[in-house]
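# Architecture at a glance
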Amino acid sequence: MPDRSDPGFRARVGPPPRRTKVLLLTVGVLAVLFLLFGMFAGLWTDWLWFKSVKYGSVFTSQLGVKVGLFAVFGLLMALVVGANLWLAYRLRPPLAAMSVEQQSLDRYRMGVAPFRKWLLIGLSVLVGLAAGAAAGAQWRTWMLWINGTSFGQKDAQFHLDVSFYAFQLPWYQFLLSFAFSAVIVSLLAATAVHYLYGGLRLQGPGRRASAGAQGHLAVLLGVFVLLKAVAYWLDRYALAVKSESYKGVEGWTGLRYVDANAFLPAKTILFFVAIICAVLFFLTPVRRTWAPALIGFGLMALSAVLVGGLYPAIVQQFQVKPNEQAKETAYIQKNIDATRQAYGIADTEVKQYTPTDSTDAEKLKLDAQTISDIRLLDPNVVAPTFQQNQALRQYYAFPKTLDVDRYGDQDTVLGVRELDLTGVQQRNFINDHFKYTHGYGVVAAKGNQVDANGNPVYTQQSLPTTGSLGDYQERVYYGEKSTTYSVVGPGMDEIDYTRDSDPDRTYQYTGGSGVSLDNPLTRAAYAVKFAEPQLLYSGAIKDGAKILYDRTPKERVEKVAPWLSIDADPYPVVENGRLVWVLDGYTTSDGFPFSSKTVLGDATKDSLTDQRGRTLSAVNEVNYIRNSVKATVDAYTGEVTLYQWDDADPVLKTWMKAFPGTVQPKADIPAELLPHLRYPQDMFKVQRDLLGMYHVTDATAFFNGTDIWEVPVDPTVNADEVQPPYYLTLRMPDAKKANFSLTTSFVPSGRKNLAAFMAAEADPGPDYGKLRILRMTAESGALGPALTQAKFNSDTDVARQLTLLRSGSDSDLVYGNLLTLPVGGGILNVEPVYLVARGAKVPVLKKVLAVYGDHNVALEDTLDKALVKVLGSAGAGATTPTAPADPGSGSTTPTTPTPPATPKPGDNPALAKALADAQKAFTDGQAALKNGDWVAYGQAQQALQKALDAALAAESKNDSVSSSSAPPTTG
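What you see is a predicted model, and the numbers here were worked out from it, not measured in a lab.

Attention now goes to the nonpolar core. Grouped together as the largest cluster of nonpolar side chains are 159 residues, with contacts concentrated most on V487, W563, L642, W655, Y694 and F702. The element best represented in this core is helix α6 (residues 162-196), accounting for 18 residues. In this view, V487 contacts H433, F434, M492, L517, L535, I541, A545, K546 and I547; residues no more than four positions away in its chain are not counted. In this structure, I371, A391, L421 and L871 belong to the second largest nonpolar core, which totals 55 residues.

Shown next as structure tokens:
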């Protein structure tokens, strides 16, 4: 090797050798090809996925709109900018003035000359690509505009249909912003060219701008000012959907007094001023002077300051502030009415409620169903118990938060036994993607009962599962924990559920879903997509193999319906031999005039958010929402079905026009599935968040702000987050019967007593989603959740028992959901207490806390005993269950009731006869159930209900009758 320090050494200077050139060229070409193939792989695999789930039209429609917008607006931007660059060059002066400035620019002109054409094309293409990409992102705006459906209601200010603000105005604003961008880029580019070629000069004698440069730039400035005039005109309508903070509402939307009486006329005046100014710019090439245009532009700027800024400030200071309530009342009322309409809370029923501290048997009789269905099993606590008792294999797991559904008349807590790869002992490519592919079955337990040891009473359990849900396809290939891809197909043995006697039991998937890997190009595309080269050459992939991915229910629904916001909590339903996930989809808008805006992520956040997940939305800030779609995802086949739930929602109708055939009519919802549909939690949380302010319907009271409610902080957890809503079966006062409902409490702002209790009927039916509020009277003194928990904790006897319980077993205590229930004319609070052994970490129900009103506190082993203590003699037998629902109402298998006690000799005759009739009805019902005779079963349940009512009536008339003769209690 030559010594570089040798004075005689000379480094080689010149082009690189041919071999190096070829190598560099090869590397460059390969890099470009790999990049292009990566882009192709993403597009190709997306198309194959949509095709496999039979929603190919969604992919093609969305892609077509994106490509169309990209092409049209990209080409338009390129042509506008390119034309102005070309025109600026053509208008260059024939001879540049002799000056130091121009002499220095000559070097740049000479350097640019050989590449002038390519620079023109390159710059035009570059800005065109940027504009096209920005336009492609507006595909939702375009599709809403082109398919917009009338709302059938007009705003309170301009009397235009709401669809103008929701669908049309956003598109017009996009067009305006695009036009502004095109003019500004063209203006900058033209100015640079004119300066480069001497059309604009900063030095030297004579005119600073040539006639050509002056005319060209004047026209561009005129177009800019003309666009500003259009902006002023659109700003008038945008006032109806602008947001600000007002009266404690962060997203207050709509015009106020100063907007209607100062900003609105100011925008109109500025519109005409801008028109005049634009005309002056257009006349500049004719008059050959900038003076009139610049004076006009200065006047426009001054008008913007005086008319658009100072005048509204004067109106606000000297007209509004001295008498704000009188000035703002009419506009506050518009905001109240629009907000209540947009969020579906306009028909909320509010009733005064003065809870009592004592009750009697007659009042409790009306609430027997509510009391018997008090949910002792907290789905947010008992997941570890399900995991310990029912996972049965290390590679199965349940979600952190279980779900609540109803089967027959029984509130049921359910969890899906899903695959959890972290429990697989040997992690490798084959095990992760070929062998361990699916979970197995649903585990269910009664919500209102535990066994003698405090564990759940399972109605569906074991592996494979057995119980009341009947036969169904138990394998779970699509679930909340299915976050990786799997390769399945003929001849490919997967690990099925294993038994000790048969540890190598295998299964081959026959569900038909997934994308075929038979094509080598497809395998290569997926190898790139998942960055896994083994997919390209692995011998484990047999003929007919398919790849399953995007397997969580939310992922699948969000992909096939990208215009929906999806509730954070998919829940499982067993119906018609299938296990399906049910998801609630929301259509939203941020363009409902006068309706206050809310941030979905903030409004739906509570103490369980980290366990349940968050609502995802294309536009997180909204001021209109509807639960318009019910979606299902088959846990075995992955089939996604969208059902139209709200057939009056104009936003849904618009999207159905944009993606025809993707949403099925409401009538197509299977009869077996319908009873399991429920009012969604995230929708309810958004509504309760708004009702904290907007339960006030009078503008004067709203302005005074003396009746603001808040959702209480959850006192059972350490996090400073609000209490989640709870699904419960309860009867609201004045209602004829108990219904499956979604419930919440309110407390006054800054205080902790109970302000109101709200329930939404969660069962499908004529009153589905009906919001009912019990408003506590000021003198009631009802305890809010924090005060209730404080009362529990401060009770001497309770503290002593809990201390003994904790210290005696070296365990921790976990408080379950604090349930607030309107019962017997008062307020009953019930809270299960779980004991968690520090080693096992499995919650076991040991005690039940209860308080009625503001008096006795009970901590007992069972709910029955707690109710007797807090309700007195009226609580004896209060948890008597009512007859189960007619099996024809949609339950898979009706819940078997506990047989009534046999009357003892010496009981009063009326009670004895009633109990004998109840025993006979129960026996007849069991026989009918065994024979599958649902008609006879329904008749027997009616007879059982009648007999139980007679027994309760007889008991209330004769206090000497022993409570042991009453029908047995549950819990």
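Per the stated rule, a full pass over the model turns up 48 aromatic pairs. Considering the side-chain rings of W233 and Y237, the 6.4 Å spacing of their centres and the 80 degrees angle between planes classify their relative orientation as edge-to-face. With W233 and Y237 both in helix α7 (residues 211-238), this residue pair falls four residues apart, about one helical turn. Overall, the relative accessible area of 15% leaves Y237 in the buried class. Seen in terms of ring centroids, F429 and F434 are 5.3 Å apart; in terms of plane orientation they differ by 65 degrees. Their pairing is edge-to-face. A relative accessible area of 10% means that F429 is categorised as buried.

Bringing the pattern of salt bridges into the picture now. Side-chain pairing between opposite charges can occur once the charged atoms of the two side chains come close. Tallying each qualifying case throughout the model produces 28 salt bridges. D496 is paired through a salt bridge with R475; the nearest N and O atoms lie 2.8 Å apart. Here the residue D496 occupies a position in the loop between β14 (494-495) and β15 (506-507), and R475 occupies one in strand β12 (residues 475-476), the gap between them amounting to 21 residues. Pair check on accessibility: D496 and R475 agree, each one buried. Between D682 and K685 there is a salt bridge, and its shortest N-O distance comes to 3.5 Å. Of this pair, D682 and K685 both sit in helix α21 (residues 681-694), separated by three residues, roughly a single helical turn.

The element strand β19 (residues 571-575) is largely enclosed, with a buried count of five among its five residues. Side chains Y571, V573 and E575 project from β19 onto one buried face, and the interleaved P572 and V574 project onto a second face that is buried too. Here β19 runs beside strand β20 (residues 578-589); their pairing, made up of five bridges, is antiparallel. Among the inter-strand pairings, V574 is bridged to a residue of β20, identified as L579.

With respect to the secondary-structure elements, G251 resides in strand β2 (residues 249-253). Residues G251 and K597, spaced 346 residues apart in sequence, show a C-alpha to C-alpha distance of 4.6 Å. Apart from residues lying up to four places away in sequence, G251 is in contact with S243, E244, S596 and K597.

Looking now at the side chain of S589. Position of S589 relative to the elements: it lies in strand β20. Residue class for S589 comes out buried when judged on its relative accessible area of 9%. There is a polar contact of 3.0 Å between the side chain of S589 and the backbone nitrogen of G591. Residues within four places of S589 in sequence aside, it is in contact with A166, V622, N623 and Y624.

What the five strands build is an open sheet, ordered β5-β6-β9-β10-β11; its pairing is antiparallel. In this open sheet, the two edge strands, each paired with only one partner strand, are β5 (403-407) and β11 (466-467). Summarising the sheet, strand β10 (residues 456-461) and β11 pair through two bridges and their orientation is antiparallel. Residue pairing for β11: Q461 is matched across the bridge by T466. Along the sheet face, helix α13 (residues 383-390) touches β6 (410-416), β9 (442-450) and β10 and points at about 55 degrees away from the line of β10.

Another point: the sheet that holds strand β13 (residues 486-488). The three strands are arranged β13-β17-β16 in an open sheet whose pairing can be described as antiparallel. The open sheet has two free edges, formed respectively by β13 and β16 (515-516), since each of these has just one partner strand. The pairing of β16 with strand β17 (residues 546-548) spans two bridges and is classified as antiparallel. Each residue of the ladder has a partner; that of S516, found in β17, is K546.

Now for unusual backbone geometry. Here the residue pair L463 and P464 is connected by a cis peptide bond, since its omega of -5 degrees sits within 30 degrees of zero. One can find P464 in the loop between β10 and β11. Look at L392: it is not a glycine, yet its phi comes out positive at around 65 degrees. A positive phi angle is found at N576, which is not glycine, with a value near 55 degrees. Topologically, N576 is positioned in the loop between β19 and β20. In this structure N576 comes out as exposed when scored by relative accessible area, which is 58%.

Quick look at the confidence of the model for the protein chain now. Residues at a pLDDT of 70 or more form 87% of the protein chain, whose mean pLDDT is 85. In this model, residues 881-907 is a region of pLDDT below 50 whose contacts with residues beyond four sequence positions or in other chains number 65 contacts. Under a pLDDT of 50 for its full length, residues 959-971 has, in the predicted model, 35 contacts with residues more than four places off or in other chains.

Criteria and thresholds
Residues numbered from 1 in each chain as written. Predicted model: local features only at pLDDT ≥ 70, side-chain atom pairs only at ≥ 80, totals over all residues. Heavy atoms only, no water. Core = buried A, V, L, I, M, F, W, Y, C linked by side-chain atoms within 4.5 Å. Buried < 20%, exposed > 50% of the residue type's maximum accessible area, 1.4 Å probe, protein only. Helix = DSSP H or I, 4+ residues; strand = E, 2+ residues; numbered from the N terminus. Contact = heavy atoms within 4.5 Å. Phe/Tyr/Trp six-rings, centres within 6.5 Å; stacked < 30°, edge-to-face > 60°. Salt bridge = Lys/Arg side-chain N within 4 Å of Asp/Glu carboxyl O. Pairing = 2+ DSSP bridges. Polar contact = N/O pair within 3.5 Å; in protein donor to acceptor, adjacent residues only side chain to side chain. Axes fitted to C-alpha atoms, helices over the stretch in contact; angles between N-to-C directions. pLDDT = per-residue confidence, 0-100.

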